[in-house]
Amino acid sequence: MSIDHRAAAVSDKIRPGQVFGALPIPDGVEVLIIDASVGPLTAIHGIVPDGVSTKGTALFIPGFTGSKEDFYEIFALLPGMGWDVWAYSQRGQGDSVAPKGIESYSREHTAADALEVAGIIADATGCDGIHLLGHSFGGLVAQATVIKDSQPFRSLTLMSSGPHGWPGRKADIRQRLLDSNGVDLWRLDNPDKADWPDDKLDRLQGFLRERSERTSTDQLIGAIDQLANVHDTTFEVKDTGLPVLVFHGVNDNWAWPQEWQRRMATLLGARYEIIPDAAHCPNGENPVPTAALLDDFWSKH
């Protein structure tokens with residue numbers, strides 16, 4: 001059955017949203033609100049253009065300190081290749097709902113959100129399976145999601161993400177946030193620019209400051225606690241039977257050692273790729289070969 005993804009946002013749990021921040025949003029990308037159990041999660045949807053055959057549906061989960069806006073560059077490309085693409089800001093990120101308490105940001109809660117969002121998108125579009133992608137911390141969420149229930153998904157892609165954490169990971173940032181008396185992380189990292197007027201910051205820095213202001217400190221600490229979890233989920237992911245793609249930028253030395261990512265791919269029997277001229281965020285640093293890789297992988301599954 002042919003699905004018209006241009007009408008995909010017709011759902012009692014999906015409604016129009018407002019653009020967040022000053023970054024230019026690509027043509028053909030709409031801003032939405034997904035009414036999940038936790039509350040409103042903000043989302044973007046890259047719509048397959050008229051005259052292009054739809055190949056399938058994909059859902060993107062952003063990483064630590066991230067949000068849906070991280071995927072603007074790649075959402076400018078994938079719909080033209082036939083992919084109906086969605087991303088959402090996780091609970092506590094940017095302009096999504098932010099429940100109180102670090103306990104609200106456990107692996108169980110973030111995975112449950114991803115699973116619910118996938119179900120809402122599937123119901124709205126009528127698609128018969130979703131390609132799930134998680135970036136960095138979002139990759140941990142994506143792994144927990146498919147372990148919880150792999151049925152809604154056609155494949156799993158881990159972009160610049162690893163199999164597990166290690167004790168004390170980001171402990172310095174965690175303590176700084178606890179001691180900050182509500183000062184956001186961007187200001188903690190950029191004290192010399194903390195009080196600059198908006199017109200003195202470039203567009204990207206202005207967006208990063210605004211996003212940091214709106215991001216929940218409880219969410220950041222909860223994400224850090226997940227990132228420090230030493231539980232290796234590699235074989236649990238393998239047991240789902242889903243096809244897996246693991247990739248990162250050639251200069252990605254920021255979050256997980258590259259050899260850990262390569263070993264995880266080997267143990268999963270996954271496809272493993274390295275994007276040239278990119279580091280931890282190939283989706284924005286070199287989106288053209290990243291989009292081509294995703295198109296090739298998803299098209300085979």
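Residues numbered from 1 in each chain as written. Predicted model: local features only at pLDDT ≥ 70, side-chain atom pairs only at ≥ 80, totals over all residues. Heavy atoms only, no water.

1. Details of the layout of surface pockets
And then number 1: There is about 920 Å³ of room inside the largest pocket.
And then number 2: Lining the largest pocket are 33 residues, with Thr-65, Gly-66, Asp-70, Leu-208 and Arg-211 sitting closest to its centre.
And then number 3: At the level of elements, α1 (72–75), α5 (185–189), α6 (203–214) and α10 (282–285) are the ones that each hand at least two residues to the lining of the largest pocket.
And then number 4: Per-element tally for the lining of the largest pocket: the top contributor is α6, with five residues.
And then number 5: Of the residues that constitute the lining of the largest pocket, the class distribution is 15 nonpolar, 11 polar and seven charged. (1 Å grid on protein atoms, 1.4 Å probe; cavity = no way out; pocket = protein on both sides within 12 Å on 5 of 7 lines; lining within 4 Å. Points joined across faces, edges and corners; volume = space filled by probe spheres on them. Helix = DSSP H or I, 4+ residues; strand = E, 2+ residues; numbered from the N terminus. Nonpolar A, V, L, I, M, F, W, Y, C, P; charged D, E, K, R; others polar.)

2. A look at the confidence of the model for the protein chain
And then number 1: With 97% of its residues at a pLDDT of 70 or more, the protein chain shows a mean pLDDT of 95.
And then number 2: Taken as a whole, residues 1–9 scores under 50 in pLDDT and shows 22 contacts with residues more than four places along the chain or in a different chain. (pLDDT = per-residue confidence, 0-100. Contact = heavy atoms within 4.5 Å.)

3. Notes on the pairing of strand β3 (residues 39–46)
And then number 1: Of all eight residues in β3, seven are buried, a share of seventy percent or more.
And then number 2: Pairing analysis gives eight bridges linking strand β2 (residues 29–36) to β3, with the strands arranged antiparallel. Its bridge partner being in β3, Val-29 is matched across the sheet by Gly-46.
And then number 3: Counted along the chain from β2 to the antiparallel partner β3, the turn is two residues long. (Buried < 20%, exposed > 50% of the residue type's maximum accessible area, 1.4 Å probe, protein only. Pairing = 2+ DSSP bridges.)

4. Let's talk about the pattern of salt bridges
And then number 1: Throughout the structure, instances matching the rule amount to 16 salt bridges.
And then number 2: Across the salt bridge formed by Arg-271 and Glu-273, the nearest N and O atoms sit 3.1 Å from each other.
And then number 3: Here the residues in one salt-bridge network are Arg-271, Glu-273, Asp-296 and Lys-300, joined through shared partners. (Salt bridge = Lys/Arg side-chain N within 4 Å of Asp/Glu carboxyl O.)

5. Considering helix α3 (residues 137–148)
And then number 1: In a regular helix each residue adds 1.5 Å, so 12 residues correspond to 16 Å; α3 covers 17 Å between its end C-alpha atoms and thus fits that length.
And then number 2: In terms of burial, α3 is largely enclosed, as 10 of its 12 residues are buried.
And then number 3: Within the span of α3, buried status applies to Phe-137, Gly-138, Gly-139, Leu-140, Val-141, Ala-142, Gln-143, Ala-144, Thr-145 and Val-146.
And then number 4: Here the buried face of α3 lies against β4 (56–61), α2 (107–125), β6 (130–135), β7 (153–159), α7 (217–227) and α8 (234–239). (Expected span 1.5 Å × (residues − 1).)

6. Considerations on the nonpolar core
Nonpolar side chains tend toward joint burial in soluble globular proteins.
And then number 1: The biggest cluster of nonpolar side chains holds 47 residues, and the ones touching the most others in it are Leu-59, Tyr-88, Leu-132, Phe-153 and Leu-156.
And then number 2: Counting residues per element, this core draws most heavily on α2, at seven residues.
And then number 3: In this structure Leu-132 touches Leu-59, Ile-61, Ala-142, Thr-145, Val-146, Phe-153, Ser-155, Leu-156 and Thr-157, once residues within four positions along its chain are discounted.
And then number 4: Within the second largest apolar cluster, 27 residues are counted, among which are Phe-60, Phe-207, Ile-275 and Phe-297. (Core = buried A, V, L, I, M, F, W, Y, C linked by side-chain atoms within 4.5 Å.)

7. Topic: the environment of Glu-103
And then number 1: By the element assignment, Glu-103 lies in the loop between β5 (83–88) and α2.
And then number 2: As for Glu-103 and Gln-219, which are separated by 116 residues in sequence, their C-alpha atoms are 9.1 Å apart.

8. A few points about the packing of aromatic side chains
And then number 1: The final tally for this structure, using the stated rule, is seven aromatic pairs.
And then number 2: With 5.2 Å between their ring centres and 65° between their planes, Trp-83 and Trp-298 make a pair best called edge-to-face. Remark: Trp-298 occurs in helix α11 (residues 287–299) and Trp-83 occurs in strand β5; sequence separation between them is 215 residues. This pair shows no difference in class: Trp-83 is buried, exactly as Trp-298 is.
And then number 3: Put simply, the rings of Phe-60, Phe-71, Phe-75, Trp-83 and Trp-298 touch in pairs and so form one group of aromatic residues.
And then number 4: Stacked on the ring of Trp-256, the Lys or Arg Arg-169 has its end atom at 4.2 Å from the ring centre.
And then number 5: Taking the ring centre of Trp-196 as reference, the NZ or CZ of Lys-200 above it sits at 4.2 Å. (Phe/Tyr/Trp six-rings, centres within 6.5 Å; stacked < 30°, edge-to-face > 60°. Lys NZ or Arg CZ within 6 Å of the ring centre and 35° of its normal.)

9. Description of empty space enclosed by the protein
And then number 1: A full pass over the atoms with the stated rule returns one cavity of 30 Å³ or more.
And then number 2: If you add up the space inside the largest cavity, you get close to 30 Å³.
And then number 3: Lining of the largest cavity is provided by Arg-107, Leu-140, Gln-143, Ala-144, Pro-163, His-164, His-231 and Thr-233.
And then number 4: Here the element with the most residues in the lining of the largest cavity is α3; it accounts for three residues.
And then number 5: In terms of residue class, the lining of the largest cavity is made up of three nonpolar, four polar and one charged.

10. Topic: helix α9 (residues 258–268)
And then number 1: If you check which residues of α9 are buried, you get Gln-258, Gln-261, Met-264, Ala-265 and Leu-268. Down the axis of α9, the buried set is contained in an arc of 125°. They therefore lie on one face. Residues of α9 that are exposed and point over 90 degrees away from its buried face: Glu-259, Arg-263 and Thr-266.
And then number 2: Considering only its buried residues, α9 is in contact with β7, α8, β8 (244–249) and β9 (271–275). (Arc of directions from axis to C-beta.)

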